[in-house]
Each structure stands twice: as structure tokens, then as C-alpha cells.
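# Breakdown of the fold
Listed below, chain by chain, are the residues.
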Amino acid sequence: GIQVEQSPPDLILQEGANSTLRCNFSDSVNNLQWFHQNPWGQLINLFYIPSGTKQNGRLSATTVATERYSLLYISSSQTTDSGVYFCAVELGETSGSRLTFGEGTQLTVNP
Amino acid sequence: GAVVSQHPSRVICKSGTSVKIECRSLDFQATTMFWYRQFPKKSLMLMATSNEGSKATYEQGVEKDKFLINHASLTLSTLTVTSAHPEDSSFYICSAPRTTLGPQHFGDGTRLSIL
């Protein structure tokens, strides 16, 4: 099956710093999503980004489908950004297929 | 607002109890829903695909008789953990696609603790 690798596995930042999280995947995908899992377990959908670049406030993401990777940028990090960030990809011609998750990046932002 | 509702959010019960978890699509019909399981400090792993009006498709290694899935309507899928034991304690979360081309939407998850 498809492999999804995220890096780094752990990241510790000072408040205000910028960071880049990476997601590599082993096959062509039709869907890629970035999630933030908060301490209560809720998965917050950050981006639906099978290709291209999107921005939402301090967050932005870029997926280069032909090279099979995606990047999540966090600028001016805040303590509330702490948590686990997951990349998940979906195979198949249409959405509605299973998502395969990476192992996640544990982000800690210190005040 | 939320597009997928999952209930209950937390369950604590004794070993041997059966526990039912509901996953509802709030303003759309979902012929397919997905059930994931997450152990502490681990990633989410797909357990099964719930298909409206037909049998669920289980991933390798997932016990069908332990984790019963019913998708009786276009807006509701249920996962029943039968005769639960402490090793079934985990975080269970469901998802559904709202459109044929678009993101998967997740419920808030259910934290199951079996004593």
C-alpha cells in the first residue's frame, strides 16, 4: 500500500518562530489533507490540498504532486499551535476512498 | 460548523460490556463512512469501511465479530465494540466524504476506556 512519511517526528519551537513540516508519499494521490490534532483528540482539518498552494492566516501549504511531497508552513508560531500534525493521503479516482495517515509531527511551542 | 457528529465522546465501562458509537453526517448523505482507531502517541489506522445498505469492509487483522458496523441509513453508521476488554481501550474516530471530490470530514472521536 501507499507509504506516507512525515518529518520531523518532533519539533520544539520558541513562540514566534517559523517552521516547515514535510510529508512524502510513495504513490500518486487524489487527495491530501493536513490535520492538527488538539490535546482532546479532535482532528482539525487545516488544508485539503491535492496540489498547489493554499494559505490560511499564519498557515500555508504546498503540494507538489508530481514529486510526491507536501509542505506545511507555520509562521509566527503560538503556544496554541502545539499538538500533533498529520498528513493524510487518499488514492483512487474519486474522493470517498480511504485516507492513509502519516505518523505525525509532534509540535511543541514554548512561551 | 461540524459536518460529522460522533457520539459519545467518552465511555468508561466494565470489561465484558458492549459499547455502541454513533457517527452521523449532519447535512449530507454519506454512502460510505470510515472508522479509524488510534492508540496513544500513535497515528490513525483504518479499521473498516462502512457501506450503506451492505456489509462493511474490514482491514486485515480487525475482528469482524468484535467490531460490528451497521450503516442502516445514509446519515448514520454505528460501531459496536462487543464484549469489550481492556485491550480495546482506544480512541475511535469516524469520517465521511461530503462530496465525490473533496475532503474527508471527521467526527470528534470517542475515547473508550475499559476497566
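In the block above lies the structure referred to throughout.
Note that the structure is predicted; figures quoted are calculated from it, not measured. (Residues numbered from 1 in each chain as written. Chains lettered and ligands numbered in written order. Predicted model: local features only at pLDDT ≥ 70, side-chain atom pairs only at ≥ 80, totals over all residues. Heavy atoms only, no water.)

What follows deals with the pairing of strand E3 (residues 19–25) of chain A. All names here are of chain A. Here E3 shows one buried face, formed by Ser19, Leu21, Cys23 and Phe25, and one open face, formed by Thr20, Arg22 and Asn24. In this structure, strand E1 (residues 4–7) lies alongside E3, joined through four bridges in antiparallel fashion. Of the residues in E3, the one forming a bridge with Gln6 is Cys23. Of the pairings in the sheet, the one linking E3 to strand E8 (residues 69–74) comprises six bridges and is antiparallel in character. Residue pairing in the sheet places Arg22 in a bridge with Leu71 of E8. (Buried < 20%, exposed > 50% of the residue type's maximum accessible area, 1.4 Å probe, protein only. Helix = DSSP H or I, 4+ residues; strand = E, 2+ residues; numbered from the N terminus. Pairing = 2+ DSSP bridges.)

Here the focus is the state of the cysteines. Residue and element names in this part refer to chain A. One pass over the structure, following the stated rule, counts two disulfides over all chains. Paired through a disulfide, Cys23 and Cys87 show a sulfur-sulfur distance of 2.0 Å. In this structure the cystine formed by Cys23 and Cys87 twists about its S-S bond by roughly -55°; its chirality is therefore left-handed. Separated by 64 residues along the polypeptide, Cys23 in strand E3 and Cys87 in strand E9 (residues 83–90) bring together distant segments of the chain. Of the two residues, Cys23 and Cys87, both sit in the buried class. (Disulfide = S-S within 2.5 Å.)

Further remarks concern the interface of chain B and chain A. Between chain B and chain A, the residue contacts involve 21 residues of the former and 22 residues of the latter. On the surface where chain B and chain A come into contact, there are one salt bridge. B:Glu59 serves as the salt-bridge partner of A:Arg98, at 2.9 Å between the closest nitrogen and oxygen. Across the chain B-chain A interface, the total number found is six residue pairs in polar contact (both at pLDDT 80 or more). The set of elements that each furnish at least two residues to the side of chain B that touches chain A consists of strand E4 (32–38), strand E5 (44–51), strand E9 (90–97) and strand E10 (104–106) of chain B. Here the side of chain B that touches chain A takes four residues from E4(B), the largest share from any one element. Across the side of chain B that touches chain A, the residue classes tally to 10 nonpolar, seven polar and four charged. (Contact = heavy atoms within 4.5 Å. Salt bridge = Lys/Arg side-chain N within 4 Å of Asp/Glu carboxyl O. Polar contact = N/O pair within 3.5 Å; in protein donor to acceptor, adjacent residues only side chain to side chain. Nonpolar A, V, L, I, M, F, W, Y, C, P; charged D, E, K, R; others polar.)

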